[in-house]
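Here are the chains, one letter per residue:
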Amino acid sequence: MSSTNRSLPLPPGLYKGTALEAAPRLLGQHLVRRTEEGDIVCRIVETESYGGIEDKGSHAYNGRRTARTEVMFSSGGAAYVYLIYGMYHCLNVVTGSVGDPQAVLIRAVEPLTPADAERMASFRSITVKRPSDLSGGPGKLCRALRVDKSHNGTRLDVPGGPLWIEQGADPASLDLVQCPRINIPYAEEYAGRPWRFYIRDNPYVSVNDPQAVSLIWL
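This write-up is about the structure you can find in this document. (Residues numbered from 1 in each chain as written. Predicted model: local features only at pLDDT ≥ 70, side-chain atom pairs only at ≥ 80, totals over all residues. Heavy atoms only, no water.)

Considerations on the overall build of the protein
Reasoning step 1: Helix and strand content of the protein: 5 helices and 9 strands.
Reasoning step 2: Relative to the 2.2 N^0.38 estimate, which gives 17 Å for 218 residues, the radius of gyration of the protein is 16 Å and therefore close to what a compact globule would have.
Reasoning step 3: Expressed along its principal axes, the backbone C-alpha trace of the protein runs to roughly 45 × 35 × 35 Å.
Reasoning step 4: A sequence separation of at least 24 residues applies to 63% of the contacts in the protein between residues at least 6 apart. (Helix = DSSP H or I, 4+ residues; strand = E, 2+ residues; numbered from the N terminus. Rg over C-alpha atoms; globule rule 2.2 N^0.38 Å. Contact = heavy atoms within 4.5 Å.)

Put into structure tokens, the structure is as follows:
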């Protein structure tokens, strides 16, 4: 599929807001990975918000500025890619203004076509038994899209590079839910904040929370 026949970039304003504002609005949008084997297009189906220096779950909590977190302090629209457990990469979308470290973790994506799914499975060298096995989780989706630290700082708001985001479905038209983020007990009072968002009943979502509630747009 040629990139010239697909959707437009996201409105610049989406990247200028807070991570909490952007996280649900990224659902339904299309993440594009350009590879030597061809473009892979995925629908974003699960996100988590990590916002600002006050969020104890954020790498930039209390203004922590290191070589790893530096990209979080850049202008919205950059990719923040980091390694966890020494083996899994995680892809985040930086939002907000320069100096305000906001980021949205992309937790799960859904391949847009069977051809996209086939290419992703071949990159992971796995036989997919259920959809979430392919790209339901930040580490899984990065392996399926061959995203690594070389993509840290890539502009996701500029089509045609190795990685970018295009307009997909209007998130207001989707059945979205919100619930607490996953695996951040160290975030103390921030651990229970309902800052994880996903498309209800989507089979690619990493973990379905029985206590999730419908997202009400304000």
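Focus on helix α5 (residues 138-145)
Reasoning step 1: Burial within α5 is extensive, with 6 of its 8 residues counted as buried.
Reasoning step 2: Within α5, the full set of buried residues consists of Pro138, Gly139, Leu141, Cys142, Ala144 and Leu145.
Reasoning step 3: Those residues of α5 that are buried are in contact with β1 (30-35), β2 (38-51), β4 (88-95), β5 (102-111), α3 (114-124) and α4 (131-135).
Reasoning step 4: Looking at the residues trailing α5, positive phi occurs at Arg146, about 55 degrees. (Buried < 20%, exposed > 50% of the residue type's maximum accessible area, 1.4 Å probe, protein only.)

Points about the pattern of salt bridges
Reasoning step 1: Summed over the entire model, instances satisfying the criterion amount to 13 salt bridges.
Reasoning step 2: Among the ionic pairs, Arg146 bridges to Glu37, the shortest N-O distance being 3.8 Å. Of the two residues, Arg146 is situated in the loop between α5 and β6 (163-166) and Glu37 in the loop between β1 and β2; the sequence distance between them amounts to 109 residues.
Reasoning step 3: Through salt bridges with shared partners, one network takes in Glu46, Glu48, Arg107 and Arg196. (Salt bridge = Lys/Arg side-chain N within 4 Å of Asp/Glu carboxyl O.)

Some thoughts on the layout of surface pockets
Reasoning step 1: One number sums up the size of the largest pocket: a volume of about 530 Å³.
Reasoning step 2: What lines the largest pocket is a set of 28 residues, and nearest its centre among them are Tyr82, Ile84, Cys90, Leu105 and Ile182.
Reasoning step 3: The set of elements that each furnish at least two residues to the lining of the largest pocket consists of β2, β3 (79-84), β4, β5 and α5.
Reasoning step 4: Among the residues making up the lining of the largest pocket, the classes are represented as 15 nonpolar, 8 polar and 5 charged. (1 Å grid on protein atoms, 1.4 Å probe; cavity = no way out; pocket = protein on both sides within 12 Å on 5 of 7 lines; lining within 4 Å. Points joined across faces, edges and corners; volume = space filled by probe spheres on them. Nonpolar A, V, L, I, M, F, W, Y, C, P; charged D, E, K, R; others polar.)

So, the environment of His30
Reasoning step 1: Mapped onto the elements, His30 comes out in strand β1.
Reasoning step 2: For His30, a relative accessible area of 12% puts it in the buried group.
Reasoning step 3: Taking the C-alpha atoms as reference, His30 lies 8.4 Å from Leu112; in sequence the two are 82 residues apart.
Reasoning step 4: Here His30 is in contact with Val41, Cys42, Arg43, Leu112, Trp164, Ile165, Glu166, Gln167 and Gly168, once residues within four sequence places are set aside.

Some thoughts on the environment of Arg200
Reasoning step 1: In this fold, Arg200 is placed in the loop between β8 (196-199) and β9 (213-214).
Reasoning step 2: Taking relative accessible area as the criterion, Arg200 reaches 30% and is therefore assigned partly exposed.
Reasoning step 3: Each C-alpha atom, one on Arg200 and one on Val213, is 9.7 Å from the other, the two residues being 13 residues apart in sequence.
Reasoning step 4: With near-sequence residues (within four places) excluded, Arg200 lies in contact with Asp175, Val177 and Ser214.
Reasoning step 5: In terms of polar contacts, Arg200 uses its side chain to reach the side chain of Ser214, at 2.5 Å. (Polar contact = N/O pair within 3.5 Å; in protein donor to acceptor, adjacent residues only side chain to side chain.)

Thoughts on the environment of Glu54
Reasoning step 1: Structurally, the position occupied by Glu54 is in the loop between β2 and β3.
Reasoning step 2: In sequence terms Glu54 and Tyr190 are 136 residues apart; their C-alpha atoms lie 9.3 Å from each other.
Reasoning step 3: The residues touching Glu54, leaving out its near neighbours within four places in the chain, are Tyr61 and Tyr190.

Concerning unusual backbone geometry
Reasoning step 1: Here Ser125, not a glycine, exhibits a phi torsion of approximately 55 degrees, which is positive.
Reasoning step 2: With respect to the helices, strands and loops of the structure, Ser125 is situated in the loop between α3 and α4.
Reasoning step 3: In this structure Ser125 comes out as exposed when scored by relative accessible area, which is 66%.
Reasoning step 4: Here Arg146, not a glycine, exhibits a phi torsion of approximately 55 degrees, which is positive.

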